[in-house]
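# Geometric and topological summary
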Amino acid sequence: MMKGKKILIGVTGSIAAYKSVLIVRLLVKEEAEVKVIMTPSSKDFVSPLTFSTLSKNKVLTELVSEDSWANHVELGRWADIFLIAPATCNTLAKMANGFCDNLLLAVYLSSTCPVMVAPAMDEDMWRHPATKLNLQKITSFGNTILPVDNGELASGLTGEGRMSEPAFIVEKIKDFFFKPEICKGLNVLITAGPTVEAIDPVRFISNHSSGKMGVAIAEEFRKRGASVTLILGPSGESVNHGIEIRRVTSAKEMYQEAISRYQQADIIIMAAAVADYTPAEISGMKIKKDNEEMKLNLKKTDDILKTIGGLKKDSQLLVGFALETDNEKENALKKLNGKKADFIILNSLKDEGSGFGQDTNKITIFDKKGGEAAFEKKSKSEVAIDIVNSIIEYKNA
């Protein structure tokens, strides 16, 4: 399937290096041409002989060896894609800040091909603000960061930080080569994140939505060639280049932005957690704490999903989300029919690892033709793949 594709793999010093052996094996089985670069510390975990035997190419570990040197510029131009797996916390920091103290980093800094990174580290390292900042910087350079898994770690603890499984990484490489054009020509409009409803200049009503799910869907459509507009409420999520971002704060602003843009969209995905109610009056001054109680008058916000459901053309596909705590399926189907949507994506707060602020999600997709598809808990990046696949399959049926 990948015959003739040139894939360069960089391996760094992590116990997860054993997974890279399986990646090389799977890629060679797909008839890809694979070359491997190893950092000196990675040789403590896997021998260069293992990689050279599987890849049928010499493995390079040093910039200079005896009387010759490795041409890092040539390597960076040879590859169609450069996968760094595993990428340790140390290597991520060096990539983010332009360090060049080994062959792998020299190739990374001089490569002209797309770069895909599969992090691997302990959970505390993964969650550290410095790592998050490094990941944001690497992403801003145009590189693709693959999600980490949640499970047993080398420290003996259980949590986030495990490198993605080899089969998943190989599928992402296949996606890179074969899926970019599948959505070419499609205009996709997505709402994501929370809304913030002001009470006075310092207080507001909101919810715990992070915007992660909507951003992941936007990036998956972008990777497949679609023209994507993301209407994003207050969120700290970073968004890759190539997506038009319209930042809003309140439900009213999100409504106005969505209504002004939905007519140009082929696919409309309402993933935002829009406030159902907003203060009837906003105080221009900070409300003083003079009384034992404060009564807040609320009014309904405009229902974006329902409004667009009543206005959209038959050629447009409308997707909504339902986060439920009880009677999940019944409420999701009620929303599907009542809002005149084509899809409703259900997640339940009863499912561990689902809901606001999580890096994982567990969904069930319902469509207006009576279809129902349940998925296991996955990272939100993987859930986005399932959602986009379902939408494209439905649209092309």
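Structural data are supplied above this passage.
Presented here is an overview of the structure given in this document. (Residues numbered from 1 in each chain as written. Predicted model: local features only at pLDDT ≥ 70, side-chain atom pairs only at ≥ 80, totals over all residues. Heavy atoms only, no water.)

## A few points about the sheet that holds strand β5 (residues 81–87)
Taken in spatial order, the five strands make up an open sheet running β2-β1-β5-β6-β7, and their pairing is parallel. Lying at the two open borders of the sheet, with one neighbouring strand each, are β2 (33–38) and β7 (144–145). Across four bridges, the pairing between β5 and strand β6 (residues 115–119) is parallel. Its bridge partner being in β6, alanine 87 is matched across the sheet by proline 119. Against the sheet, helix α1 (residues 17–29) makes contact with β1 (6–11), β2 and β5, and its axis sits at roughly 170° relative to β1, the strand it touches most. (Pairing = 2+ DSSP bridges. Helix = DSSP H or I, 4+ residues; strand = E, 2+ residues; numbered from the N terminus. Contact = heavy atoms within 4.5 Å. Axes fitted to C-alpha atoms, helices over the stretch in contact; angles between N-to-C directions.)

## A word on helix α12 (residues 328–338)
Those residues of α12 that sit buried are Glu328, Ala332 and Leu336. Around the axis of α12, the buried residues are gathered within 65° of arc, so they sit on the same side. With respect to the buried face of α12, the exposed residues turned more than 90 degrees away are Glu330, Lys334 and Asn337. Looking one or two residues past α12, lysine 340 carries a phi angle of roughly 55°, positive in sign. (Buried < 20%, exposed > 50% of the residue type's maximum accessible area, 1.4 Å probe, protein only. Arc of directions from axis to C-beta.)

## Section: the pairing of strand β13 (residues 227–232)
Along β13, five of the six residues are buried, which leaves the element largely enclosed by surrounding structure. In terms of strand pairing, β13 meets strand β14 (residues 244–247) through four bridges, oriented parallel. Counterpart to leucine 230 in the pairing with β14 is isoleucine 245.

## Some points on the nonpolar core
Counting residues in each nonpolar core, the largest one holds 35 residues, and the members touching the most others are Ile190, Ile217, Phe221, Leu230, Ile269, Ile387 and Ile391. Counting residues per element, the ones that place at least two in this core are β10 (187–192), α9 (212–223), β13, β15 (267–270), β18 (317–324), β19 (343–348) and α13 (380–396). By residue number, the principal contributor to this core is α13, which donates seven residues. (Core = buried A, V, L, I, M, F, W, Y, C linked by side-chain atoms within 4.5 Å.)

## A few points about the state of the cysteines
All told, the structure shown has zero disulfides when counted by the stated rule. Not engaged in a disulfide, the cysteine cysteine 89 finds its nearest cysteine sulfur in cysteine 100; these two sulfurs lie 19 Å apart. For cysteine 89, a relative accessible area of 22% translates into the label partly exposed. You can see cysteine 100 has no disulfide; the closest cysteine sulfur is in cysteine 113, sitting 15 Å from it. For cysteine 100, a relative accessible area of 45% corresponds to the partly exposed category. (Disulfide = S-S within 2.5 Å.)

## Focus on a nonpolar patch on the surface
Together, Ile15, Tyr18, Leu22 and Phe45 make up a nonpolar patch on the protein surface, roughly 400 Å² of accessible area in all. Positionally, tyrosine 18 belongs in helix α1. The class for tyrosine 18 is partly exposed, based on a relative accessible area of 46%. (Patch = residues over 30% accessible without salt bridge, like charges linked within 9 Å, V, L, I, M, F, W, Y side chains within 5 Å. Areas by Shrake-Rupley, 256 points an atom, 1.4 Å probe, with all protein chains shown as cover. Salt bridge = Lys/Arg side-chain N within 4 Å of Asp/Glu carboxyl O.)

## A short note on the pattern of salt bridges
Under the counting rule described, the total for this entry stands at 18 salt bridges. With a shortest N-O distance of 2.9 Å, glutamate 30 and lysine 174 are connected by a salt bridge. Taken together, the residues span a long stretch of sequence, with glutamate 30 in the loop between α1 and β2 and lysine 174 in helix α8 (residues 166–178) at a distance of 144 residues. Here lysine 172 makes a salt bridge to glutamate 220, at a shortest N to O gap of 3.7 Å. Here lysine 172, found in helix α8, pairs with glutamate 220, found in helix α9; they are 48 residues apart in sequence, far enough to count as distant. Of the residues examined, lysine 172 reaches a relative accessible area of 8% and is grouped as buried. A single salt-bridge network, built from bridges that share partners, covers Glu244, Arg246, Glu257 and Arg261.

## Regarding the side chain of aspartate 386
Among the secondary structure elements, aspartate 386 is positioned in helix α13. At a separation of 2.7 Å, a polar atom in the side chain of aspartate 386 contacts the side chain of lysine 378. Once you skip the residues sitting within four places of it in the chain, aspartate 386 turns out to touch Ile365, Phe375 and Lys378. (Polar contact = N/O pair within 3.5 Å; in protein donor to acceptor, adjacent residues only side chain to side chain.)

## With respect to helix α7 (residues 129–140)
Counting along an α-helix, one turn takes 3.6 residues, and residues three or four places apart therefore face a common direction. The end-to-end C-alpha distance of α7 is 16 Å, a good match for the 16 Å that twelve residues give at a rise of 1.5 Å each. Taken together, the buried positions of α7 are occupied by Thr131, Asn134, Leu135, Ile138 and Thr139. For α7, the angular spread of buried residues about the axis comes to 135°, placing them on one side. Tucked into the core, α7 has its buried residues touching α4 (89–97), β6, α6 (123–127) and β7. (Expected span 1.5 Å × (residues − 1).)

## Concerning the packing of helix α10 (residues 251–261) against helix α11 (residues 304–311)
Contact geometry for α10 and α11: axes closest at 10 Å, N-to-C directions at 20°. The angle between α10 and α11 places the two elements in the roughly parallel class. Two packed elements cross with a definite hand, and for α10 against α11 that hand is right-handed. Residues Met254, Tyr255, Ala258 and Ile259 of α10 lie in contact with α11, whose contacting residues are Ile304, Thr307 and Ile308. Considering only residue class, the contact of α10 with α11 consists of six nonpolar, one polar and no charged. (Parallel < 35°, antiparallel > 145°, perpendicular 65-115°, else oblique. Left-handed = near helix turned anticlockwise from the far one by under 90°. Nonpolar A, V, L, I, M, F, W, Y, C, P; charged D, E, K, R; others polar.)

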